[in-house]
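# Structure assessment
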Amino acid sequence: MPDKFTMWRATARVLPGLVAIGSLACGGGGGSAGGAAAGSGQAAQQVYVAPGSYDEFYSFMSGGFSGQVSVYGLPSGRMFKVIPVFSQDPEKGYGYSDQTRPMLMTSFGFIPWDDAHHPQLSRVNAEPDGRWLFINGNNTPRIARIDLTEMETSEIIEIPNAAGNHASPFATSNNEYVVGATRFSVPTPQADVSIADYKEKFSGVLSFVKVDSATGAMSLAFQVHMPGYDYDLSRAGKGPSKEWVFFTSYNTEQANTLLEVNASQNDKDVVAAIHWTVAAKCVADGKAKSWPSRYAHNWMDANHIAHSEILTGVKVLEVADCPNVAYFLPTPKSPHGVDVDPTGEFIVAGGKLASLIPVFGFSKIQKAIAANDTVGSKGGIPVLKYESVIAGEVQKPGLGPLHTEFDDHGNAYTSMFLSSEIVKWSLKDFTVLDRVPTYYSIGHLMVPGGDMAHPYGKYVVALNKITKDRYLPTGPELTQSAQLFDITGDKMKLLLDFPTIGEPHYAQALPASLIKDKQLRTYPLADNHDPYVTPTEKDAKVVRQGKAVHVYMTMIRSHFVPDNIEGVQVGDTVYFHLTNLEQDWDVPHGFAVTGLNNSELLVMPGQTRTITWTPNRVGVWPFYCTDFCSALHQEMQGYIRVSEPGSSVKISFNTPK
Ligand code: RUQ
Ligand code: CUA
């Protein structure tokens, strides 16, 4: 019997999709090579959103290694905003201004970047409620929450004891929990041990982060301690399976070198099925142990000022101490995605090296558990018999099934990485109904509401890893891209390619009508209690405190108060506290001063933001508004004079008479 690796190599040799990618890569011909939308005129009409009218869906796309989230409209594919989450953003001053820097604190210190993979909409009864969007930080394990009325990051919680928070932050039906998992098993808790002791000393945790149903505030409820595999992706159940969360796991071989070969030996790896209500009960009954873990918790307060605290201690549940909490479902060939259909009955796994798609039946899983229908156990966790829990297999779907989303007509759509296509199949009889090529190497895919109880359907978006030959070339790095397909008919139809920022790992979409009218327009100035607010121009001032100079400055079309400032010296730290006095929608003002060795600032109406500057040269330096705000935007400027250390020039500033 060939092992997974030889199979993969054999596959790669014969695989038309891969060969095509290779040859297209060196092709270098002009124009689009194949995969053009059939009936381009009609496709264009379907994605055309006339100037001044709105898209039907908001789509939140992960920025991948940009660490951010970007907001797109569908079907147009137009980008509206980049929401900074895990990475500093000098365009907005996020992670640079004093009020936002604490958002990026971790137990490792200030971290200016992460890798964000999976946007996840908050939900009620497995329907989007339009309140929050969660996303994972993969590298330094974290989960962020974005408020969908302002589209800003409100909270970030670090996940201790995990390494690589990839299977995250998938939400249960009412956001009881958003989950995370260890992608890389590690010494848990961390310790200085030999890597050769992997099998004895390395393990993983699955994390359950509680979400307050009123405020969205996140807290780390507990972790479940698991054998040292790689936990890759997860999804919570819904309907009958709503008390369960499913995690895929590859590397049941527990290899710790050359995983490409060594973690591809077993014919089957596993999906871990965790009964989270049972876990929560065991924790409530005092069966969990307290580990002295340290992790950061960061949040924006009502004044839009970020705070960071280090929390200690987490409850960790050993599977042996909580009967019936965990089961393994044998799953072919290095599973990646795991997805739950709208009814909650079917659990679909994607085996990266598998030649079929296994579909587990939740009712069958329950029967197998009741009948103790197992084939032994792994790490103390019962392994249920494959034949007893499998509801069906999708035969010959293509190569390299990864992820599955669902429509509103009982169909499933699976992304095939190796054969670079989307395969549509029926949840009734698990037969393939249609397939369509993607350009190229699709990772996730997304149907609006495609992981909810009632998908909106209409489109499937392919989130591709490679775009060779699809766009004008831009040197060695080419754009990442999404492709929009119409799924209203029997056959999927390609409508549109559109570039994305960073890597569009995953996306989620909801009808624009759910949140469009709830968008915040300004921050009320009267509610601004920032300690450095300048509520009116009369309050503007410059105050020296030792080597610190605090500039309390206002911005309104089209001037700063004060504008001219003198008395600053080389060696001072200057704190510009800027308050935007506007109370009008869409009138941010910006701020920059020559040599500002930090970032610009973009201040929203009614908000206060602080940027620090350490001038290192004598001179008179201009500052100006960076956001074109009015006809007299260019007039929105001023000067700050910087003198030698110890100079006799006293602090003075100019305000309107
Ligand atoms: S995954 S590599 Cu979501 Cu398919 Cu991150
Ligand atoms: Cu204010 Cu430009």
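Structure shown above.
In short, a report on the structure. (Residues numbered from 1 in each chain as written. Chains lettered and ligands numbered in written order. Predicted model: local features only at pLDDT ≥ 70, side-chain atom pairs only at ≥ 80, totals over all residues. Heavy atoms only, no water.)

### Considerations on the overall build of the protein chain
Across its full length, the protein chain carries eight helices and 45 strands. On C-alpha atoms alone, the protein chain measures out to a radius of gyration of 27 Å, which is about the 26 Å that the 2.2 N^0.38 rule sets for 657 residues. Along the first, second and third principal axes, the C-alpha atoms of the protein chain reach 85 × 65 × 45 Å. In the protein chain, buried positions account for 59% of the 657 residues. Accessible area of the protein chain: about 25,400 Å², with a carbon and sulfur share of 56%. (Helix = DSSP H or I, 4+ residues; strand = E, 2+ residues; numbered from the N terminus. Rg over C-alpha atoms; globule rule 2.2 N^0.38 Å. Buried < 20%, exposed > 50% of the residue type's maximum accessible area, 1.4 Å probe, protein only. Areas by Shrake-Rupley, 256 points an atom, 1.4 Å probe, with all protein chains shown as cover.)

### Focus: the nonpolar core
Ranked by internal contacts, the top residues of the largest apolar core, which has 32 residues, are Leu206, Phe208, Met226, Phe247, Ile274 and Phe328. The greatest single-element share of this core, amounting to four residues, is contributed by helix α6 (residues 276-284). Setting aside residues no more than four positions away along its own chain, Phe208 makes contact with Tyr177, Val178, Val179, Ser219, Leu220, Ala221, Phe222, Val224, Val245, Phe247, Ile274 and Trp276. Grouped together as the second largest cluster of nonpolar side chains are 27 residues, Val551, Phe591, Leu596 and Cys625 included. (Core = buried A, V, L, I, M, F, W, Y, C linked by side-chain atoms within 4.5 Å. Contact = heavy atoms within 4.5 Å.)

### Digging into the site of ligand 1
Looking at ligand 1, the residues that line it are His117, His118, His166, Leu233, His336, His403, His444 and His505. Here the shell around ligand 1 is composed, by residue class, of one nonpolar, seven polar and no charged. (Near = heavy atom within 4 Å. Nonpolar A, V, L, I, M, F, W, Y, C, P; charged D, E, K, R; others polar.)

### Focus on unusual backbone geometry
What you tend to see is this: most non-glycine residues have negative phi, and most peptide bonds are trans. Here Thr188 and Pro189 are connected by a cis peptide whose omega angle stands at -5°. Residue Ser558 is bonded to the preceding Arg557 through a cis peptide linkage, with omega at -5°. Take Ser558: it is sitting in the loop between β36 (548-556) and β37 (559-561). Positive phi, normally seen in glycine, also occurs at Lys458, with a value near 75°. When you line up the elements, Lys458 lands in the loop between β30 (442-446) and β31 (459-464).

### Digging into the packing of aromatic side chains
Counting across every chain of the model gives 24 aromatic pairs. Between Tyr177 and Trp276, the ring centres sit 5.4 Å apart and the planes meet at 75°, which makes this aromatic pair edge-to-face. Of this pair, Tyr177 sits in strand β10 (residues 177-181) while Trp276 sits in helix α6, placing them 99 residues apart in sequence. By the burial criterion, Tyr177 is buried, and Trp276 matches it. Both rings, one in Trp425 and one in Phe430, keep their centres 6.2 Å apart while their planes meet at 55°; by these two values the pair is tilted. Members of the aromatic cluster, each reached through a chain of ring pairs, are Phe560, Phe576, Phe591, Trp613 and Phe623. Directly above the aromatic system of Tyr177 lies the positively charged group of Lys210, at a separation of 4.8 Å from the ring centroid. A cation sits over an aromatic face here: Lys268 above Tyr386, 4.5 Å from the ring centre. (Phe/Tyr/Trp six-rings, centres within 6.5 Å; stacked < 30°, edge-to-face > 60°. Lys NZ or Arg CZ within 6 Å of the ring centre and 35° of its normal.)

### Some details on the sheet that holds strand β29 (residues 432-437)
The strand order β26-β27-β28-β29 describes an open sheet built from four strands, whose pairing is antiparallel. Lying at the two open borders of the sheet, with one neighbouring strand each, are β26 (401-406) and β29. In this sheet, neighbouring strand axes are inclined to one another by 20° on average, regardless of whether the strands run parallel or antiparallel. As paired strands, strand β28 (residues 421-426) and β29 are joined by five bridges and run antiparallel to one another. Across the sheet, Lys424 pairs through a bridge with Asp434, a residue of β29. (Pairing = 2+ DSSP bridges. Axes fitted to C-alpha atoms, helices over the stretch in contact; angles between N-to-C directions.)

### A closer look at the sheet that holds strand β3 (residues 79-83)
Whether parallel or antiparallel, the strands of a sheet pair through hydrogen bonds between backbone atoms. If you walk across this open sheet you meet the four strands as β3-β2-β1-β34, and the pairing is antiparallel. Bordering the open sheet on either side are β3 and β34 (507-511), each of which pairs with just one other strand. Taken pair by pair, the neighbouring strands of this sheet meet at an average axis angle of 20°, ignoring direction. As defined by bridge partners, strand β1 (residues 57-62) adjoins strand β2 (residues 69-74) across six bridges and the pair is classed as antiparallel. Its bridge partner being in β2, Tyr58 is matched across the sheet by Gly73.

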